[in-house]
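# Structural features, examined
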Amino acid sequence: MPTIRTVCAHDCPDMCSLLAHVEDGRLTRIQGDPDQPFTAGFACGKVNRDTDLLYSPERLATPLRRTGPKGSGQFRPMDWDTALDEITARWKAIIAADGPLAILGYAYSAHQGLMNRGLTNGLFHALGTTRLLAGTVCDSCAEAAWDATLGPIGGADPESVTESDLIIAWGSDLHATNVHLWTKIEQARRHGVKLIVIDPRRTRAAAAADWHLPVRIGTDSALALGVMHILVRDGLADRAWLAEHAVGFDRVEQDVLPRFPPARVASITGLTEADVERLAALYGAARTPFIRIGFGLSRFAHGGVNLRTVALLPGVTGAYGRYGGGALLATAASFELDYNAVRKPSGPEATRTVNHLKLGEALLTLADPPLRALFIAANNPAVTNPDTAKTRAGLAREDLFTVVHDPFLSATARYADIVLPAATYLETDDFYRSYGTYYMQYGRRAVEPQADAWSNLRLTQELAARMGLADPVFRMSPPEILAALFRGASGAAAAVDPARLLDGTPVSIATHAGQRFLTPSGKLEFWSQTLADQGLPALPDWQPEPQARGALRLLTAPGYFQAHTAFSGVAWLRGREGPPCAVLHPHDAAARGLRDGQMVRLANDRGTVALRLRVLDEVQPGMVLVPGQRPDEAGDARTANMLCADSYTDLGAGATYQSTWLDVTAA
Ligand SMILES: Nc1nc2c(c(=O)[nH]1)N[C@H]1C(S)=C(S)[C@@H](COP(=O)(O)OP(=O)(O)OC[C@H]3O[C@@H](n4cnc5c(=O)[nH]c(N)nc54)[C@H](O)[C@@H]3O)O[C@H]1N2
Ligand SMILES: Nc1nc2c(c(=O)[nH]1)N[C@H]1C(S)=C(S)[C@@H](COP(=O)(O)OP(=O)(O)OC[C@H]3O[C@@H](n4cnc5c(=O)[nH]c(N)nc54)[C@H](O)[C@@H]3O)O[C@H]1N2
Ligand code: SF4
Ligand SMILES: [Mo]
């Protein structure tokens, strides 16, 4: 029975090494690789079921042509050749009439490696179309905040937690989104190291931690400033480290910290003064405190400054200088591969761009030329984008020629003129670098593509050939593309021989050195001149967010058995996740005469969503939690994104899901 070593491609920081057991060309079982130290021999509850994803009866078997109104989901099968002929004929006609800017290629990271993901972007780059400013639905705000503070460089190695003497999960539910870090933390806890979880919700991770601090949404910067205030007051700031490795702490000390005494911080965060004091005392006493910062800190209007402030905390005690200490948001920036070899093979340097989360706006309003063709791969904006009604109105334009490439008939695919069946990561070769660890790994296909499914790589190369693109990357095999990614690599990746990777060996580029800073000053920037030059707040701070109409604030968090909508085609996992729901604190439910299990309406100026109510004290009063992004059921929209604006965060033009206010009533 052959066992193939491959890599989990789901959008997840762990990037597990997997062993795929194959019998007679059929995948029988998936197992975590015991020889990759972080994967440590287990895959999560979702991916243990990826045989069900691969062989789901809901997968698309052939290309489809639309036969009913957009959104209705009425299609009939067509063959690949006809589909590709039609797509390229339409694109060529549009380019001849209006130029390439009338086309938008909309492809995002979900569930693929660097080749399948990057080459799709490369196709549209080479064609000179309107380009997607990708990732604003996810990490652009957090990343901009981190970059303004530490520079474009990865944070602490998650494998260093074995050397930590205090661990804080700040805005990250490790049980849902980072289960292998959880396992590492458990090892540290066996030696008496304490785990603190800072999260408005008593998540599974919070419930299992040593201490849970249920902060109010969006008040983390106030808490971090309160801790800094106490550290300075108690003489626990590491002045020597700050003098050598940081800029602007003096300004924070003079202009900001006096405004954040424990009493005020308690009233802002909803914690007690004693909590704030205790957190500061534990943090100040630790030599190697490790903070896992989650993207959860950034998903609202002031999310950038909120996250940036937390990322500054390890600078105050010099924890950034010590292995096991510091902070981890992501690691991706430390892999200095030549991504442009794949993503930008040719094409104009600059062109018109569309912000990922503004797809609806762009489809409805762009002119000179308007968007006439849209290609979407591995993205489900009809569910996962904010202001979903606007997104769907744009997708419903009858004069828009839309192609969607997906393994499933997603909510977005229902709006397509042509749907193309996609292969999953188990059916294609690819190369991966993690965004939550320092591993990279080549993953081979475990089985041949099911039915008539094509990988993104194959589709992109075929479309490129038919569109007459001559760039060599569109004819390369995966090992050749791997070599191209490394040819122009720099930093630690440049020292790795790609030939060494082809057999699937996981390679780590982690070091035991302290945190590096790649800001303009080369130091940790408490004061950011870059932000000041852009008219943005240069110092960490906390500002209240104005409340919009609606008594309750939206809290959004990933599902435990879903990754956004990617597993919605697996019946077993849908069942494990349970029906799409909204969660209210018992006080808020009682005040509205609502009981557990009944259908409720979540509504604001933007729209209405019908969900099943759960009444649980794992959330705080004043908020409503909607876990996961769930596709429509029985024609009703079930995504909380219907209620969210498509406005931008303070940094990085990201999504502001949690700046949403709403009311809940009986359905
Ligand atoms: N309210 C709210 N909204 C959110 C978030 C939130 O926290 N709250 N989170 C945001 C975040 S962080 C993100 S990243 C986005 C994610 O949003 P999306 O990028 O839309 O993510 P998914 O739903 O995971 O996957 C999209 C599609 O990719 C398809 N797919 C899977 N594998 C492949 C493949 O190999 N090839 C092709 N062509 N298709 C494939 C899946 O079937 C699925 O239909 O959602 C964002 N939206
Ligand atoms: N099972 C599963 N795993 C996933 C995903 C999934 O959908 N399901 N999605 C993947 C993707 S694309 C991404 S980007 C990552 C994201 O994973 P994370 O980095 O963990 O970020 P989020 O999912 O945005 O939010 C996580 C936590 O932040 C908390 N939170 C929300 N607001 C605040 C706040 O103001 N302050 C604090 N302190 N906490 C807050 C939420 O309650 C939640 O527990 O996860 C990946 N992994
Ligand atoms: S934990 Fe993440 S990387 Fe590992 S198998 Fe699950 S989804 Fe894949
Ligand atoms: Mo994400």
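These figures come from a predicted structure and were not determined experimentally. (Residues numbered from 1 in each chain as written. Chains lettered and ligands numbered in written order. Predicted model: local features only at pLDDT ≥ 70, side-chain atom pairs only at ≥ 80, totals over all residues. Heavy atoms only, no water.)

## Here's the deal with the site of ligand 2
To be explicit about the condition: By convention in this text, a residue qualifies as near a molecule or strand provided that one of its non-hydrogen atoms is within 4 Å of it. Contacts described as polar in this section are N or O atom pairs within 3.5 Å, which, within protein, must combine one atom able to donate a hydrogen with one able to accept it, while residues neighboring in sequence count only if both atoms come from side chains. Computed with the Shrake-Rupley method and a 1.4 Å probe, the accessible areas treat only the protein chains shown as cover for residues.
Near ligand 2 there are 32 residues, and of these D199, G218, D220, R299 and Q562 occur at the shortest range. I198 places a polar main-chain atom, nitrogen or oxygen, 3.1 Å from a nitrogen atom of ligand 2. Backbone polar atom of G559 to a nitrogen atom of ligand 2: 2.9 Å apart, as the coordinates give it. For ligand 2, the accessible surface in isolation is 920 Å², of which the surrounding protein chains cover 98%.

## Looking at the site of ligand 1
So the rule is basically this: When residues are sorted by character, Ala, Val, Leu, Ile, Met, Phe, Trp, Tyr, Cys and Pro go into the nonpolar class, Asp, Glu, Lys and Arg into the charged class, and all the rest, Gly among them, into the polar class. Domains are outlined according to an automatic or database domain assignment.
Close to ligand 1 lie 28 residues, the nearest being N379, N380, D406, T556 and T565. One of the side-chain nitrogen or oxygen atoms of H111 is found 2.7 Å away from an oxygen atom of ligand 1. Within the side chain of Q629, a nitrogen or oxygen atom sits 3.0 Å from a nitrogen atom of ligand 1. A per-class count over the shell around ligand 1 returns 12 nonpolar, 13 polar and three charged. Two domains each provide a minimum of three residues to the shell around ligand 1, namely domain 2 (64-136 + 338-440 + 451-503) and domain 4 (552-666).

## Quick word on the packing of helix α8 (residues 220-233) against helix α13 (residues 303-316)
Here is the rule: Geometry is summarised by axes, namely lines fitted to C-alpha atoms with helices restricted to the contacting stretch, and by angles between N-to-C directions that run from 0 to 180 degrees. By definition, any uninterrupted DSSP run of H or I lasting at least four residues is a helix, any uninterrupted run of E lasting at least two residues is a strand, and each is numbered from the N terminus. Should an angle fall under 35 degrees it is taken as roughly parallel, and over 145 as roughly antiparallel, whereas 65 to 115 is taken as roughly perpendicular and any remaining angle as oblique. Crossings are assigned a handedness: left-handed for a near helix turned anticlockwise from the far helix by less than a right angle, right-handed for a clockwise turn. Contacts are assigned to residue pairs with any non-hydrogen atoms lying within 4.5 Å of each other.
Between α8 and α13, whose axes approach to 8 Å, the crossing angle comes to 25°. On the basis of the axis angle, α8 is roughly parallel to α13. In this structure, α8 crosses over α13, and the sense of that crossing is left-handed. Contacts between α8 and α13 pair D220, S221, A224, L225, V227, M228 and L231 from the former with V305, N306, T309, V310, L312, L313 and V316 from the latter. For the contact of α8 with α13, the residue count by class is 10 nonpolar, three polar and one charged.

## Looking at the sheet that holds strand β15 (residues 373-377)
By way of backbone hydrogen bonds, the strands of a sheet pair with one another, either parallel or antiparallel. So the rule is basically this: Two strands form a pair only when DSSP identifies at least two bridges running between them.
Pairing is mixed across the open sheet formed by six strands, whose spatial order is β5-β4-β17-β16-β15-β6. For this open sheet the edge positions go to β5 (75-77) and β6 (103-107), each flanked by a neighbour on one side alone. Across the sheet, the mean angle from the axis of one strand to that of its neighbour is 15°, orientation sign disregarded. Two elements, strand β4 (residues 64-66) and β5, share three bridges in a ladder whose sense is antiparallel. Bridge assignment links R65 to a residue of β5, and that residue is R76. The strands touched by helix α3 (residues 114-127) are β6 and β15; relative to β6, the strand with the most contacts, the crossing angle is about 165°.

## Digging into the side chain of T219
Here is the rule: Only protein chains enter the calculation, and the probe is 1.4 Å; a residue is then buried if its accessible area is under 20% of its type maximum, exposed if over 50%, and partly exposed in between.
Mapping T219 onto the fold places it in the loop between β10 (211-213) and α8. Residue class for T219 comes out buried when judged on its relative accessible area of 4%. Of note is the side chain of T219, whose polar atom sits 2.7 Å from the backbone oxygen of R216. Other than its neighbours up to four places away in sequence, T219 contacts I268, T269, N306 and W542.

## Observations concerning the sheet that holds strand β19 (residues 439-443)
With antiparallel pairing, the three strands of this open sheet are ordered in space as β18-β19-β20. Edge positions in the sheet fall to β18 (430-433) and β20 (507-508), since each of these pairs with one other strand and no more. Across four bridges, β18 lies against β19 in antiparallel orientation. Of the residues in β19, the one forming a bridge with F431 is Y442. Strands β18 and β19 of the sheet are contacted by helix α19 (residues 478-487), whose axis makes an angle of about 155° with β19.

## Overview of the nonpolar core
Under the convention used in this document: For the purposes of this section, nonpolar cores are sets of buried Ala, Val, Leu, Ile, Met, Phe, Trp, Tyr and Cys residues that join through side-chain atoms within 4.5 Å.
Among the nonpolar cores identified, the biggest contains 61 residues, and W170, I293 and F526 are the most heavily contacted of them. Ranked by residues supplied to this core, first place goes to α8 with eight residues. In terms of nonpolar packing, the next biggest core, distinct from the first, is built from 53 residues, W91, A102, L123 and F124 among them.

## Comments concerning the packing of aromatic side chains
Basically, it comes down to this: A pair of Phe, Tyr and Trp rings is counted when the ring centres sit within 6.5 Å of each other, with Trp represented by its six-membered ring. The angle between the planes then sorts it: under 30 degrees is stacked, over 60 is edge-to-face, the rest tilted. The rule is short: NZ of Lys or CZ of Arg within 6 Å of the ring centre and within 35 degrees of the ring normal puts a charge over the ring.
Scanning the model with the defined rule gives nine aromatic pairs in all. For the ring pair W91 and F124, a centre distance of 5.6 Å and an interplane angle of 65° mean the geometry is edge-to-face. In this pair, W91 sits in helix α2 (residues 80-98) while F124 sits in helix α3, placing the two residues 33 residues apart along the sequence. In terms of burial, W91 and F124 fall into one category: buried. Between F124 and F375, the aromatic rings sit 5.4 Å apart at their centres with planes inclined by 35°, giving tilted as the arrangement. Of the two residues, F124 sits in helix α3 while F375 sits in strand β15, which places them 251 residues apart along the sequence. Note on F124: relative accessible area 4%, which makes it buried. Aromatic rings pair up to connect W91, F124 and F375 into one cluster. Between the NZ or CZ atom of R251 and the centre of the ring of W527, over which it lies, the distance is 3.8 Å. Over the ring of W454 we find R458; its NZ or CZ atom is 3.7 Å from the centre of that ring.

## Regarding the environment of H512
Structurally, H512 can be placed in the loop between β20 and β21 (524-525). It is 9.4 Å that separates the C-alpha atoms of H512 and A156, two residues lying 356 residues apart in sequence. A distance of 3.5 Å separates the side chain of H512 from the side chain of Y323, its partner in a polar contact.

## Thoughts on the domain arrangement of the chain
This is how the line gets drawn: Buried area: the accessible surface (1.4 Å probe) lost by two parts on joining, summed over both. Salt bridges are identified by distance alone: a Lys or Arg side-chain nitrogen within 4 Å of an Asp or Glu carboxyl oxygen.
You can read the domains of the chain as domain 1 (3-54), domain 2 (64-136 + 338-440 + 451-503), domain 3 (141-329) and domain 4 (552-666). Computed over C-alpha atoms, the centres of domain 2 and domain 3 are 37 Å apart. Each partner contributes to the interface: domain 2 provides five residues, whereas domain 3 provides eight residues. Summed over both partners, the interface of domain 2 with domain 3 buries about 470 Å², with 52% contributed by carbon and sulfur atoms. Broken down residue by residue, the surface that domain 2 buries against domain 3 is led by Y435, G436 and Y438, which jointly contribute 75%. On the surface where domain 2 and domain 3 come into contact, there are zero salt bridges. A breakdown of the residues in the side of domain 2 that touches domain 3 according to their chemical character gives three nonpolar, two polar and no charged.

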